[in-house]
Amino acid sequence: MAEKLIIFDTTLRDGEQSPGASMTKDEKLRIARQLERLKVDVIEAGFAASSNGDFEAVQAIANAIKDSTICSLSRANDRDIARAAEALQGAASARIHTFIATSALHMEKKLRMTPEQVLEQAKQSVRFARNLVGDIEFSPEDGYRSDPDFLCRVIEAVIAEGATTINVPDTVGYAVPELYGNFIKSLRERVPNSDKAIWSVHCHNDLGMAVANSLAGVKIGGARQVECTINGLGERAGNCSLEEVVMAVKTRRDYYGLDVGIDTKHIVAASRMVSQTTGFVVQPNKAVVGANAFAHASGIHQDGVLKARDTYEIMRAEDVGWSANKIVLGKLSGRNAFKQRLQELGVQLESETDVNNAFAKFKELADRKSEIFDEDILALVSDESVTSEKEQFGFVSLAQHSETGERPQASIVFTVDGKEVRGQSDGNGPVDASLKAIESHVQSGAEMVLYSVNAISGSTESQGEVTVRLQNSGRVVNGVGADPDIVVASAKAYLSALNKLQSKSDRVAAQG
Ligand code: KIV
Ligand code: ZN
């Protein structure tokens, strides 16, 4: 049997650090459930000590998820570690991930600590954590730019204190594959007790090499855990992308000789969920999950694929959850067919009421749009009005008038705590008028920091999916709305963002 490569997903922690990608507790929980469906080995659910919101998110995920190990990040101090352990109490399998910077630059300029103080703090923290939880990961932050002699001393010491995983981050994305692979290899050779821990790689994508560096850390360095995020989400240029690293190891098993436990057919649904929740759109030519990843546009390629798929295809689209854009359901489809399709797409709604709501939305859509694609269904189930949770604002109807040479006018009806209200406004365009019509009533004072429209499936018959990012009093939230009418989609997205801004639950803050 081949050795296993552990997949450690940090979408909910390092991914969420991306400015504008912060998620609510419920959003994090929904993504965690999808990660569990994917059979991710370890889910880094957040940084429990950083805010009450993050603590609650880690706690909720630890209580709900049973098939993956749940991890909380923690700085190397007793308070952070105790808080992480407290949040993880309900987990079937818990891990504390503690870190402290070890590069000369970070120790001197950021921590203002001597190397000896850092070494002592790392040891003391792992010792403290080990008394609370059996599974301890230690990361020397900015490890790749650290002095190798010092790094070896720190790693040897924390393994002796009980660290079970050693993660070597390329925090600033400075590494290149061969050098990073050899760096890990040399650390493993030089640290006398290196065989007592699993070695892990954690690469950032500043030079576009996060996946290549991670794979080199595995192949050359002998690492057996990769830290990654869905869609490569993360600060700056992001983290190593889960879907790319997993499909590389699976597709080139002949070269890597390792097994991964990921159930790849849930990858596309996971990618879509993360993109919709954060408003970070996936580029069409993105490997594995981009809309064009399996499209063959040129005549020669199409001809080859029709004769034999493997002429131009190294992976099968359906193996990662694409369903070839086929028409799945129509106006006459029944509830059972709809429910079965949801199951095939890996979508699990929380209750029968949610399934009924989703089915009603599906019927509404099928009346207006003759062909319903999987993408439409996925957009539909991520619509907040499908879930039985009570939202403050809900869309009812919209009328707008625009004509060349005239200033557009919009009139909107929406609910506030279940009561219908009406707003009216003009604007630069129909979208602007509609959102101003909502604001004429709500007066949220929020600033819009992003507005984007994306066609869910190829044609002009497609539903438009709109993402709106609002900022108010230091909080940044995303709202997403889908509809064949992009002005309606914009209004839905705006109301969804307002719901998140108004929500009483503590927001999960991005971590530094
Ligand atoms: O990039 C990094 O160094 C990190 C650590 C906290 C593991 O995210
Ligand atoms: Zn990182």
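One numbering rule holds for all chains: residues counted from 1, following each sequence as written. For naming, the first written chain is A and the first written ligand is 1, with later ones following in the order written. Confidence filtering applies because this is a predicted model: local features only for residues at pLDDT of at least 70, side-chain atom pairs given and counted only at 80 or more, and all residues used for totals across whole chains, interfaces and linings. Excluding hydrogens and water, the side-chain values take into account all heavy atoms of the structure.

Enquirer: Describe the overall build of the protein chain, and please don't skip the residues or the numbers.
Expert: Helix and strand counts for the protein chain come out as 17 helices and 18 strands. Each radius of gyration reported is based on C-alpha atoms, and the globular scaling rule is 2.2 Å times the count of residues to the power 0.38. Rg of the C-alpha trace for the protein chain: 24 Å, near the compact-globule value of 24 Å for 512 residues, within the 12% margin. Viewed in the frame of its principal axes, the protein chain has a C-alpha envelope of about 75 × 60 × 45 Å. Buried, partly exposed and exposed residues are distinguished by accessible area as a fraction of the type maximum, computed with a 1.4 Å probe on protein chains only: under 20%, between the cut-offs, and over 50%, respectively. The burial tally for the protein chain puts 56% of its 512 residues in the buried class. It only takes one pair of heavy atoms within 4.5 Å for two residues to be counted as in contact. Pairs at least 24 apart in sequence give 67% of the contacts found in the protein chain among residues at least 6 apart. In the form shown here, the protein chain has an accessible surface area of approximately 21,800 Å², with 50% of it arising from carbon and sulfur atoms. Across the protein chain, the centroid of the 57 positively charged side chains sits 2 Å from that of the 70 negatively charged ones. The helix and strand labels rest on DSSP assignments: H or I over at least four residues marks a helix, E over at least two residues marks a strand, and numbering proceeds from the N terminus. Here the accessible surface of atoms and residues is derived via Shrake-Rupley with a 1.4 Å probe, and residues count as covered only by protein chains that are part of the display. His residues and chain termini do not enter the charge count, which takes Lys and Arg as positive and Asp and Glu as negative. We put the charge of a Lys on NZ, of an Arg on CZ, of an Asp on CG and of a Glu on CD.

Enquirer: Would you mind going over the coordination of the zinc ion (ligand 2) in detail, with residue names and values included?
Expert: Atoms are scored as donors when they are N, O or S and lie within 2.8 Å of the metal, with 3.2 Å used for Na, K and Ca; no water is included, so coordination may look incomplete. Within the protein, Asp14 (OD), His202 (NE2) and His204 (NE2) serve as the donor atoms for the zinc ion (ligand 2), at 2.0 to 2.2 Å. Site description for the zinc ion (ligand 2): donor spacing in sequence, D-x187-H-x1-H. You can see Asp14 sitting in the loop between β2 (6-9) and α1 (25-37) and its partner His202 sitting in strand β8 (residues 198-203), a full 188 residues away along the chain.

Enquirer: Describe the domain arrangement of the protein chain, listing the residues and the values that go with them.
Expert: Frequently, the measure chosen for interface size is the accessible area that the parts lose on association. For the domain bounds, the source is a domain assignment made automatically or taken from a database. Per the domain assignment, the segments making up the protein chain are domain 1 (3-278), domain 2 (293-323), domain 3 (326-386) and domain 4 (393-502). The straight-line distance from the C-alpha centre of domain 1 to that of domain 3 is 36 Å. Accessible-area loss on putting two parts together, using a 1.4 Å probe and summing over both, is the definition of buried area adopted here. Carbon and sulfur atoms make up 42% of the area that domain 1 and domain 3 hide from each other, which totals about 670 Å². Together, Arg37, Arg272 and Gln276 form the three largest contributors to the area buried by domain 1 at its contact with domain 3, with a combined 53%. Salt bridge, as used here: a side-chain nitrogen of Lys or Arg that lies within 4 Å of a carboxyl oxygen of Asp or Glu. At the junction of domain 1 and domain 3, the tally comes to zero salt bridges. N or O atoms closer than or at 3.5 Å make up a polar contact, with two conditions inside protein: a donor-capable atom paired with an acceptor-capable one, and, for residues adjacent in sequence, both atoms drawn from side chains. Our count for the domain 1 to domain 3 interface comes out at zero residue pairs in polar contact (both at pLDDT 80 or more). Elements with a minimum of two residues in the side of domain 1 that touches domain 3: α1 and α11 (267-278). The classification used treats Ala, Val, Leu, Ile, Met, Phe, Trp, Tyr, Cys and Pro as nonpolar, Asp, Glu, Lys and Arg as charged, and all other residues, Gly among them, as polar. A breakdown of the residues in the side of domain 1 that touches domain 3 according to their chemical character gives one nonpolar, three polar and four charged.

Enquirer: Break down the side chain of Glu36 for me, citing the residues and quoting the values.
Expert: Within the fold, Glu36 resides in helix α1. Despite its burial, Glu36 pairs with no opposite charge, the nearest such side chain being Arg33 at 5.8 Å. Setting aside residues no more than four positions away along its own chain, Glu36 makes contact with Ile43, Ile65, Lys66, Asp67 and Ser68.

Enquirer: Provide a residue-level description of the site of ligand 1, including the pertinent values.
Expert: All residues in the neighbourhood of ligand 1 are listed as Arg13, Asp14, His97, Phe99, Ser139, Glu141, Pro169, Thr171, His202 and His204. The separation between an oxygen atom of ligand 1 and a polar side-chain atom of Arg13 is 3.0 Å. The contact in question runs from an oxygen atom of ligand 1 to an N or O atom on the side chain of His202, over 3.2 Å. Counting only elements with at least two residues in the shell around ligand 1, the list comes to β5 (94-101) and β6 (136-141). A per-class count over the shell around ligand 1 returns two nonpolar, five polar and three charged. Throughout, the term near means that a residue has one or more heavy atoms lying within 4 Å of the molecule or strand in question.

Enquirer: For the environment of Val442, give the residues involved together with the corresponding values.
Expert: For Val442, the location among the structural elements is in helix α16 (residues 430-442). Taking the relative accessible area as the measure of exposure, Val442 reaches 18% and is therefore buried. Sequence separation between Val442 and Pro284 is 158 residues, and the spatial gap between their C-alpha atoms is 36 Å. When neighbours within four sequence positions are excluded, Val442 is seen to be in contact with Phe393, Phe414 and Leu498.

Enquirer: I'd love a proper account of the pattern of salt bridges, names of residues and values included.
Expert: By the definition in use, this model includes 38 salt bridges. A salt bridge links Lys28 to Asp54; the nearest nitrogen and oxygen atoms lie 2.9 Å apart. Taken together, the positions of Lys28 in helix α1 and Asp54 in helix α2 (residues 52-64) put the pair 26 residues apart, joining distant regions of the chain. For the pair Lys28 and Asp54, a shared accessibility class is recorded, and that class is buried.

Enquirer: Residue-level account of unusual backbone geometry, with values.
Expert: Of note in the backbone geometry, Asp417 takes a positive phi value of approximately 50 degrees without being a glycine. Positionally, Asp417 belongs in the loop between β14 (409-416) and β15 (419-426). The exposed category is assigned to Asp417, whose relative accessible area is 59%. In this model, Gln443 sits at a positive phi of 45 degrees, which is unusual for a non-glycine residue. Among the residues examined, Gln443 registers a relative accessible area of 62% and is labelled exposed.

Enquirer: Before we move on, can you summarise the sheet that holds strand β18 (residues 475-483) with the specific residues and values?
Expert: Pairing within the open sheet is antiparallel, and its three strands lie in the order β16-β17-β18. In this open sheet, the two strands that pair with only one neighbour each are β16 (447-455) and β18. Within the sheet, the average angular offset between the axes of one strand and its neighbour, ignoring direction, is 15 degrees. Across eight bridges, β16 lies against strand β17 (residues 464-472) in antiparallel orientation. At least two DSSP bridges between two strands are needed for those strands to be called paired. Each axis is a line fitted through C-alpha atoms, taken for helices only over the stretch in contact, and angles between the N-to-C directions span 0 to 180 degrees.

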